[in-house]
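Residue-level listing of the chains:
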Amino acid sequence: MSKDMTIGNPMKIILLFSVPVLLGNLFQQFYNMVDTVIVGQYLGEDALAAVGSTGCLMFLVLGFANGIAQGFGVMVSHAFGARNRAQLRHYVALSLILTLIISLVLTIPTVAASRQLLLWMNTPTNILSPADNYIRVIFAGIICTMAYNVGAGILRGIGDSRTPLYFLIFSSALNIGLDIFFIVVIRLGTAGAAYATVISQGVAAVLCFIVMFKKHEILRTTREDYYMDAQSIRKMLSVGIPMALNYSITAIGTMILQSAINVFGSGVVAAFTAASKVSNIATQTMPTLGTAMATYCGQNLGAGKYERIYKGMRCAFFLCFIAAGAAALICCLAGPYMIGWFIHDPSAETLSAAMRYLYTISIFMLPLAWIFVYRNGLQGLNRGFVPMISGVVELLSRYVIILTAAKPFGYPGVCFADPFAWLTTGILLLVTYLVWKKNTMKAKREE
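In this report, the structure presented in the accompanying data block is examined. (Residues numbered from 1 in each chain as written. Predicted model: local features only at pLDDT ≥ 70, side-chain atom pairs only at ≥ 80, totals over all residues. Heavy atoms only, no water.)

What follows concerns the packing of helix α15 (residues 385-409) against helix α17 (residues 417-446). Relative to each other, α15 and α17 sit at 155 degrees, their axes nearing to 8 Å. By the angle between their axes, α15 is roughly antiparallel relative to α17. Here α15 and α17 pass one another in a crossing that is right-handed. Together, Val386, Pro387, Ser390, Val393, Glu394, Ser397, Arg398, Ile401 and Ile402 of α15 and Ala417, Asp418, Phe420, Ala421, Trp422, Thr424, Thr425, Leu428, Leu429 and Thr432 of α17 make up the contact between the two elements. Its residues assigned to classes, the contact of α15 with α17 comprises eleven nonpolar, five polar and three charged. (Axes fitted to C-alpha atoms, helices over the stretch in contact; angles between N-to-C directions. Helix = DSSP H or I, 4+ residues; strand = E, 2+ residues; numbered from the N terminus. Parallel < 35°, antiparallel > 145°, perpendicular 65-115°, else oblique. Left-handed = near helix turned anticlockwise from the far one by under 90°. Contact = heavy atoms within 4.5 Å. Nonpolar A, V, L, I, M, F, W, Y, C, P; charged D, E, K, R; others polar.)

With that settled, consider the environment of Val150. Relative to the elements of secondary structure, Val150 occurs in helix α6 (residues 142-157). Here Val150 falls in the buried class, since its relative accessible area comes to 1%. When the C-alpha positions of Val150 and Leu96 are compared, they lie 7.9 Å apart, and in sequence the two are 54 residues distant. Every residue in contact with Val150, bar those within four places of it in the chain, is listed here: Ala69, Phe72, Ser95 and Thr99. (Buried < 20%, exposed > 50% of the residue type's maximum accessible area, 1.4 Å probe, protein only.)

A separate point is the nonpolar core. Counting residues in hydrophobic clusters, the biggest one holds 138 residues, and the most contacted among them are Leu57, Leu219, Leu358 and Met365. Here Leu358 is in contact with Ala275, Val278, Ser279, Cys331, Gly335 and Ile339, once residues within four sequence places are set aside. (Core = buried A, V, L, I, M, F, W, Y, C linked by side-chain atoms within 4.5 Å.)

Quick look at the environment of Thr6 now. You can see Thr6 is positioned in the segment before α1 (10-43). Residue class for Thr6 comes out buried when judged on its relative accessible area of 1%. Apart from the residues lying within four places of it in its own chain, the contact partners of Thr6 are Arg83, Gln299, Asn300, Ala303, Lys305 and Arg308.

The subject of this paragraph is unusual backbone geometry. A positive phi is found at Arg187, a non-glycine position, where the angle reads about 60 degrees. Inspection of the secondary structure assignment puts Arg187 in the loop between α7 (163-185) and α8 (190-215).

This paragraph deals with a nonpolar patch on the surface. A contiguous nonpolar surface patch, about 590 Å² in accessible area, is contributed by Ile180, Phe181, Val185, Ile186, Leu188, Tyr195 and Ile199. Taken together, the elements giving at least two residues each to the nonpolar patch come down to α7 and α8. Counting residues per element, the nonpolar patch draws most heavily on α7, which supplies three residues. Structurally, Ile186 is set in the loop between α7 and α8. With relative accessibility at 38%, the residue Ile186 sits in the partly exposed group. (Patch = residues over 30% accessible without salt bridge, like charges linked within 9 Å, V, L, I, M, F, W, Y side chains within 5 Å. Areas by Shrake-Rupley, 256 points an atom, 1.4 Å probe, with all protein chains shown as cover. Salt bridge = Lys/Arg side-chain N within 4 Å of Asp/Glu carboxyl O.)

Considering the arrangement of structural elements, one finds Asp132 in helix α5 (residues 125-140). Among the residues examined, Asp132 registers a relative accessible area of 5% and is labelled buried. At 3.3 Å, the side chain of Asp132 forms a polar contact with the backbone nitrogen of Arg115. Setting aside anything within four residues of it in sequence, one finds Asp132 in contact with Ser114, Arg115 and Leu118. (Polar contact = N/O pair within 3.5 Å; in protein donor to acceptor, adjacent residues only side chain to side chain.)

Moving on to helix α4 (residues 85-120). The largest bend along α4 measures about 60 degrees and falls at Ser114. Directly after α4, the chain includes Asn122, whose backbone phi takes a positive value near 60 degrees. (Bend = angle between axes of the 7 residues up to and from the residue.)

Right, let's talk about the packing of aromatic side chains for a bit. For any pair of aromatic rings, the description rests on two quantities: the centre-to-centre distance and the angle between the ring planes. For the coordinates displayed, the defined rule picks out ten aromatic pairs. Where Phe317 meets Trp370, the ring centres are 6.2 Å apart and the plane angle is 15 degrees; that geometry is what we call stacked. Pair noted here: Phe317 is in helix α12 (residues 306-342) and Trp370 is in helix α14 (residues 365-380), with a separation of 53 residues, a long-range link. The exposure class of Phe317 is partly exposed, given its relative accessible area of 23%. Of the residues examined, Trp370 reaches a relative accessible area of 13% and is grouped as buried. Following the ring pairs from residue to residue traces out a cluster consisting of Tyr306, Tyr310, Tyr374, Tyr433 and Trp436. (Phe/Tyr/Trp six-rings, centres within 6.5 Å; stacked < 30°, edge-to-face > 60°.)

With that settled, the discussion passes to the packing of helix α3 (residues 55-81) against α5. Relative orientation and spacing of two packed helices are given, respectively, by the angle between their axes and the distance between those axes. Between α3 and α5, whose axes approach to 11 Å, the crossing angle comes to 10 degrees. Here α3 is positioned roughly parallel relative to α5, judged by the angle of their axes. Along its contact with α3, which presents Leu57, Met58, Val61 and Leu62, the element α5 presents Tyr134, Ile135, Ile138 and Phe139. Residue composition of the contact of α3 with α5, grouped by class: eight nonpolar, no polar and no charged.

All told, the structure shown has six salt bridges when counted by the stated rule. Asp132 is the salt-bridge partner of Arg115, the closest N and O atoms lying 4.0 Å from each other. With Arg115 in helix α4 and Asp132 in helix α5, this pair connects stretches of sequence that are 17 residues apart. With a closest N to O distance of 3.1 Å, Arg375 and Glu394 form a salt bridge. Here Arg375, found in helix α14, pairs with Glu394, found in helix α15; they are 19 residues apart in sequence, far enough to count as distant. For the pair formed by Arg375 and Glu394, the shared burial category is buried. Residues joined in a network through salt bridges with shared partners are Arg375, Glu394, Arg398 and Asp418.

Geometry only, nothing functional implied.
Structure below.
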């Protein structure tokens, strides 16, 4: 089930690898969607706003953890492309050790400070307690989320994008049953949705590791592989930390946006939450392409096949147009119906606020696709500095729009914060890749 991406037609390989990743990403969104649908339908609009208001906090902390996990997967892809099995197994062993350490380091302070973080974000008083009940459980389960992403990242690093999908399908079904049990039967409120998510991801992580060690001999570690050496740790963290910081910096920008949205009250927060869920579903082809290109570039860099990297990135560039067009159509045409998935019988004002955001972002889907493809591609090429800086650019771009447009234009002005951030960041990353390609081609000619 592993896939060598250093041979064969690049477009075909990228597409075949992407399909299971896309389905996996959709089921990942399904986790969150089921939470919000059941919360919105059974607990009401305020509870939905409470869960939605924690989204950027989750992205801040879990994004950092999952960014490190993706970095570990990139290092596995390098070793796989270089055909270095001993190093590959050592990277797998180090991934497990570092996952345990990092998850514990993240869990303790976030659980302790969850309520204060919500207060800093101007979370409305009427949804503060249910929001804290939800996010505290999510933070307590960081190790489950990170473990699944590390396992999935390792499998994708060797080209196996199907195994993570199979277990996400199973855990998604489990998540639905646990959501209904915890929220409808036991009546745990918003915390019930969080328990369902954490338990489901924990099960997916365990299953991933079982298959990883049983079915992939090249990943099967022994006691000799579990040792701490500074050079390997430095290599793994040099890729993982920039990816993690990039997620976290982007999340801070999202927190600034969420804080600006919270000022308009729980009704607008609920509308923005529902619209964000629709947007996430519509754009899932984009992180799919990003994941594929990180693995593709990582394996081919390990094998030293630069011409294949250039050709693969050209294919991804054209796929961005298809992904952007599909996402815009979904947001504009299906958006009014999909909002009803999350808010039972939304008022005209709520629906209008949600669709205003969706119409605004639909114009700027292409630069968003560039962000995923070129940020992940550069990270797979061990060029993590500019992708990390791009997170700062994204943050500052959002802040500029909020600072200049929030007061004179209100909520409609704030809706432009995401599109402006995507435009500036997408262009930066595209230009960075083109400069890297030009310099690399020049160096190869000189050699």
